[in-house]
Amino acid sequence: MIHSLFLVNSSGDIFLEKHWKSVVSRSVCDYFFEAQERASEPENVPPVIPTPHHYLINVFRHKIFFVAVIQTEVPPLFVIEFLHRVVDTFQDYFGVCSEAAIKDNVVVVYELLEEMLDNGFPLATESNILKELIKPPTILRTVVNTITGSTNVGEQLPTGQLSVVPWRRTGVKYTNNEAYFDVVEEIDAIIDKSGSTITAEIQGVIDACVKLTGMPDLTLSFMNPRLLDDVSFHPCVRFKRWEAERILSFIPPDGNFRLLSYHVSSQNLVAIPVYVKHNITFREGSSQGRFELTLGPKQTMGKAVESVLVSSQMPRGVLNVNLTPSQGTYTFDPVTKLLSWDVGKINPQKLPSLKGSMSLQTGASKPDENPTFNIQFKIQQLAISGLKVNRLDMYGEKYKPFKGIKYMTKAGKFQVRT
Amino acid sequence: MSMNNLSYNDQGGPDSAVEVGQETTPTSSTTGAAFGLFSTDFKKNDDLKEMLESNKESMKLEAMKRIVGLIAKGKNASELFPAVVKNVASKNLELKKLVYVYLVRYAEEQQDLALLSISTFQRALKDSNQLIRASALRVLSSVRVPIIVPIMMLAIKEAATDLSPYVRKTAAHAIQKLYSLDPDQKEHLIDVIEKLLRDKSTLVAGSVVMAFEEVCPDRIDLIHKNFRKLCNLLVDVEEWGQVVIINMLTRYARTQFTSPWKGDAIFEGSMAHAFYDSDEERKAHSNSEPYIMDPDHRLLLRSTKPLLQSRNTAVVMSVAQLYWHLAPKHEVSIVTKSLVRLLRSHREVQYIVLQNIATMSIQKKSMFEPYMKSFYVRSTDATHIKILKLEILTNLANEANISTILREFQTYVKSQDKVFAAATVQAIGRCATNITEVTDTCLNGLVLLLSNRDETVVAESVVVIKKLLQTQPTQHSDIIKHMAKLFDNITVPMARASILWLIGEYCEHVPKIAPDVLRKMAKSFTTEEDIVKLQIVNLAAKLYLTNSKQTKLLTQYILNLGKYDQNYDIRDRTRFIRQLIVPNEKSGALAKYARRILLAPKPAPVLESAFKDRDRFQLGTLSHTLNAKAVGYLELSDWQTVAPDQSVRNVEVVEQSKEWVPSSAKESVKSGDKFYSDEEGDEGSPCNSTEDGKSTSSSEASTSETESEEESSSQSGSGSEESEESSSHSHSDSSKKKKLQQKKTKNKGSDSDEEDDCAKVGVSSPTHSSEDSSSSSSDDGTSHSESDSGGHQEKWSKAKPKRWCKKQKMRSRCWIWMTSPLIHGYPQSPVCSLQACCQIWMGSLCPVPLLLYR
């Protein structure tokens, strides 16, 4: 399936290659570079590139292209999904997935890739299994290793791979047994010029951090499970139990994992927590434009809107801006024309605003389109859909775990057209 | 020295040189860098060798780590092979692993030396630890050295019968490796695949199906007996295996089932129940209804559905394509929600999913209409994502939602991304042709766009307007006039050519403007692009024919210019036009028809989706994404017109009793409980029922085999009797058969009379059944020998039968009786007919199904 993998950095150097079958010359990447040149942005490089003898499937993350070489028909999503898993694993192991981190840990990377694929077919992609096979490098371990000469490779053989619950390590032990669940909801919305909502939907995830001894069997139930319209589970969740009772029942993996992602049914009206008032005008013939932007809270259920960040791609004709924010700071990059305004917390008594003028290229005609604003924000202790966890129970183990549930609402792809 | 030099040339390419240069001395000149590096590298390699040969474990490890670093950078480290290979038997696990990495990378180049390591692996293959056995097989099979093919073959065969499912999984992977190394081993490998396909471990299923797909995807007959097992195991298989199995089953289903799309699609839910209940009811259905879904077909759909909830996007996509290709039309839409969910994922995932949705949305708008807003474009999307979304929105447009879509398009046209804006213009054009109500609105909108500042948008608008006007030219002379006015400001060649063509085509509607445009063009002819020149020549010819008084001289002038043009196309066209329109003694009969040739009414172009013919490829495949057949793409066959014999999937004992040695039977027990219990036990109970019943499973599984064994023989007995009585009118005989069996039950004291079910079905005593079956087999001359199975029966008949396996047997019998079209021609018992069918499948009697499949 997957023949080879090349890692290409943003300046177009191949800094790592790995082959699972016979060696494919790295000249195959020339086709990729061609496509990369043709695309204006790295995001625009087509994910699938055919070449005379191979097919290149690439993903772009953390400014690195992961280029997989394929020789025969294979579902492209299969490869893409796998590459993303590779990136996730690197991130999990090294904290960041950057060129430097990969170069520093080239041996671990190689060992990981070796375990993840056999003859191009995924073998072990579960992070818990991999961590048993190859221990993640930490500073302490590196020091210990250099002194004692012990290795990163796990001494005992991974039994998880053979068990009924391959995602959980065996023999887990903690002194403090705790299970935390974060319900994080994101609002995707497009707001039009006049402030009315064109489309808005809520997507949510439940991320868990479970540190429990032994083989606990957890159940999690909701007050209002009907809100969940479409769900996808971590493989540990028992699907039939959900179908029948709308209860999440599972033996959790050890550590951090995403238990559930869901979509709130579109029948429910989505509360939009912020509004934007804007007045952006370019006058024909003049080299000045006016810029006014005011943010305000709306339908926040009494919670504060925090970490607000507004960013916008200004039209090409804009040379520079001269603005005054009532709070926070703004930056404008004259090359990329990217304006971003770090607002911080919205105070309902004193609404944040950004006002001033824009200077345009002289002679150029006025831009066709006003810029679109992308807004990010966070609201703590609120799941905007109203989803509530009812209770969490543990079976199978004797001790009493500490349980915690946190709610948060964030902006997803939240856009305001002007 | 020279060796190193060689190695550098090997990797060659400016890439590596540059990279290397950066690493050492980025400032120095290229040659200097190469030289400096060359010496350092030489030194490096030198001390590596020393380190590897040292006695210290940590030194060796350090050396190996550096070597792996070299390999990762794509540098050649092959000359260290002898030194590295010595460490293959090291006790240090990490060192060993790194040596494996090295070995797999270079063994192909250093075959002789690689042989040194083989014996280590051979020893490890016999290790008591399953994981060591597995990893030894893994490396052994990854070493691409042709000489060891026989050793690999042997190792694979052995591993395929290993007690550990993990080792068997590794064996399945090794099959593909061996096949790519030596395709001549195909026949032997197929045997191993056949054996592994029967494996009931979830660990093995995905890998062996992968091997099947790679080695012998056309041997669909190997799947029959494992079909139901695969369906039932599917949920528990690891996610990558699920993708492979689902794709394989999609192909399989197309060759085995009839289309659910034809005729009146009856609602299936109730059917499935009726089916299992009783023979009579089932029969009534088969007579009255034109289409009944094969229960196995239903099973496949039912067992894949939960996987739509998978977190793995590839799994969701493969289920979606399975439903698209196999499910009755009204059921396909259950995949919509999940596909739309995938759009939240990474950019690359979106790209593939949107492509597939685009193909689907052409054929089935209704699937995605409720989710139209999910396809609205955001300014942060990548361009190819935007264009795909646009495509889908256009496909979804209908009378009801067109106004919303057009309003949305208005925003897009103003986008800063000009490629996208141009694509939007095209999309508007498509909406205008598809939905007649809005044609005028769209046209007016497009005309407004002609005064847009961006020339690509203007050009695209002109081209689209041209296409639209062709559909209804008469009412729109003012638009043509407007375009003629704009002509001077438009610089994009394609747009200019389009306007010229429009004026020429409809010159009669704009009699005053056309000659003036031609005049201007005559002036600028030499500076135009080729495509515009061709249209100028065309315009001149058309005007000459309609309005020769005003344009005769102009035309001649243009034709003269064209005659000496640099481009041969234009010279050619000019020569042709001259002969056609200017009558002289040489010009033949064609000149008479010049008017009809040039001014023939031309059909309007159809604006259609780029995804229109994508559905010739299976969805979700690489070929679909590329819109071209990828290497190794397996066509999805058409539905069968006549359902192939369903009974081929029924029993797995007929064959097993011959080959399946008791030890492996024991193995199969492990997951035996999952096999059918899913259908019955699990429905009510929570899904973690895998734990319960495990204790009893061993007896269950063995009884199931006993049961079916006895069953089949008893059936064959009754069947043969029947065939003597009546010349087998198969379909009407079910009740008679039942009676016969009941009679039998009375005759023989069954050993399993604790349950009513059993009594009804009838379990014959081993001796009798074997007699019966042997006689029947001699009657019809099937090759199946029952003598040894008799022995098994004796042994097994002591085991207690269970209700579920009984039921299962009932079902399988029903299937044979009710649905087998072949049975009519074969006056024997169901089981005999089953065997016969198998034979037919092998291609001896009736090669048609096989051919169809290919």
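Position numbers for residues start from 1 in each chain and track the written sequence from start to end. For naming, the first written chain is A and the first written ligand is 1, with later ones following in the order written. In keeping with the model being predicted, local features are shown solely for residues with a pLDDT of at least 70 and side-chain atom pairs are shown and tallied solely at 80 or more, while totals for entire chains, interfaces and linings include all residues. The side-chain numbers reported here are obtained from all heavy atoms of the structure, hydrogens and water having been left aside.

## Describing the sheet that holds strand 5 (residues 64-70) of chain A
Residues and elements named next belong to chain A.
And then number 1: In space, the 5 strands of this open sheet follow the order 2-1-5-4-3, with antiparallel pairing throughout. Each edge of the open sheet carries a strand with a single partner, namely strand 2 (14-19) and strand 3 (48-50). Neighbour-to-neighbour, the strand axes of this sheet turn through a mean angle of 20 degrees, independent of strand direction.
And then number 2: Helix-sheet contacts for helix 2 (residues 76-94) involve strand 1 (2-8), strand 3, strand 4 (55-61) and strand 5, and the interaxial angle to strand 4 is about 40 degrees. Paired strands, as defined in this entry, are two strands with at least two bridges between them according to DSSP. Strands here are runs of E lasting at least two residues and helices are runs of H or I lasting at least four, both read from the DSSP assignment and numbered beginning at the N terminus. Only the stretch in contact is used when fitting a helix axis, every axis being a line fitted to C-alpha atoms; angles between N-to-C directions are given from 0 to 180 degrees. Contact criterion: two residues are considered in contact whenever any of their non-hydrogen atoms come within 4.5 Å of each other.

## Some remarks on helix 27 (residues 477-486) of chain B
Residues and elements named next belong to chain B.
And then number 1: Note on exposure labels: buried denotes an accessible area under 20% of the residue type's maximum, exposed denotes more than 50%, and partly exposed covers the range between, all computed with a 1.4 Å probe on protein chains only. Turning to helix 27, its buried residues number three or more, namely Ile-479, Ile-480, Met-483, Ala-484 and Leu-486. The buried residues of helix 27 occupy an angular sector of 160 degrees when projected down its axis, which confines them to one face.
And then number 2: Contacts made by the buried residues of helix 27 are with helix 25 (439-449), helix 26 (455-471), helix 28 (493-505) and helix 29 (513-524). By construction, the arc corresponds to the directions joining the helix axis to the C-beta atoms.

## Considerations on the interface of chain A and chain B
And then number 1: Every contact between the two is made by 98 residues of chain A and, on the other side, 99 residues of chain B.
And then number 2: Salt-bridge detection follows one rule: a side-chain nitrogen of Lys or Arg within 4 Å of a carboxyl oxygen of Asp or Glu. Our count for the contact surface shared by chain A and chain B stands at 12 salt bridges.
And then number 3: Residue Glu-186 of chain A pairs with Arg-344 of chain B through a salt bridge whose shortest N-O separation is 2.9 Å.
And then number 4: By residue number, the principal contributor to the side of chain A that touches chain B is helix 2 of chain A, which donates 8 residues.
And then number 5: Residues of the side of chain A that touches chain B, tallied by class, amount to 45 nonpolar, 22 polar and 31 charged. Following the grouping adopted for this structure description, the nonpolar residues are Ala, Val, Leu, Ile, Met, Phe, Trp, Tyr, Cys and Pro, the charged ones are Asp, Glu, Lys and Arg, and the polar ones are all others, Gly among them.

## Topic: the pattern of salt bridges
And then number 1: The final tally for this structure, using the stated rule, is 46 salt bridges over all chains.
And then number 2: Between Glu-213 of chain B and Arg-251 of chain B there is a salt bridge, with the nearest N and O atoms lying 2.2 Å from each other. Note that Glu-213 of chain B is positioned in helix 12 (residues 202-215) and Arg-251 of chain B in helix 14 (residues 239-256), a separation of 38 residues in sequence.
And then number 3: On the basis of relative accessibility, which here comes to 3%, the residue Arg-251 of chain B falls in the buried class.
And then number 4: Within this structure, Lys-18, Glu-114, Glu-115 and Asp-118 of chain A together with Lys-97, Arg-138 and Lys-177 of chain B form a network of salt bridges that share partners.

## Side note on the packing of helix 2 of chain A against helix 4 (residues 106-116) of chain A
Helix packing for two helices is described by the angle between their axes and how far apart those axes are.
Residue and element names in this part refer to chain A.
And then number 1: For the pair helix 2 and helix 4, interaxial distance at closest approach is 11 Å and the crossing angle is 140 degrees. Comparing their axes, helix 4 and helix 2 come out oblique. Regarding helix 2 and helix 4, the two cross each other, and that crossing is right-handed. Each of Phe-82, Arg-85, Val-86, Thr-89, Phe-90, Tyr-93 and Phe-94 in helix 2 lies in contact with helix 4, whose residues at this interface are Val-108, Val-109, Leu-112, Leu-113 and Met-116.
And then number 2: Class assignment of the residues belonging to the contact of helix 2 with helix 4 gives a composition of 10 nonpolar, 1 polar and 1 charged. For this classification, under 35 degrees means roughly parallel, over 145 means roughly antiparallel, 65 to 115 means roughly perpendicular, and everything else is oblique. Each crossing gets its hand from how the near helix is turned against the far one by less than a right angle, where anticlockwise is left-handed and clockwise is right-handed.

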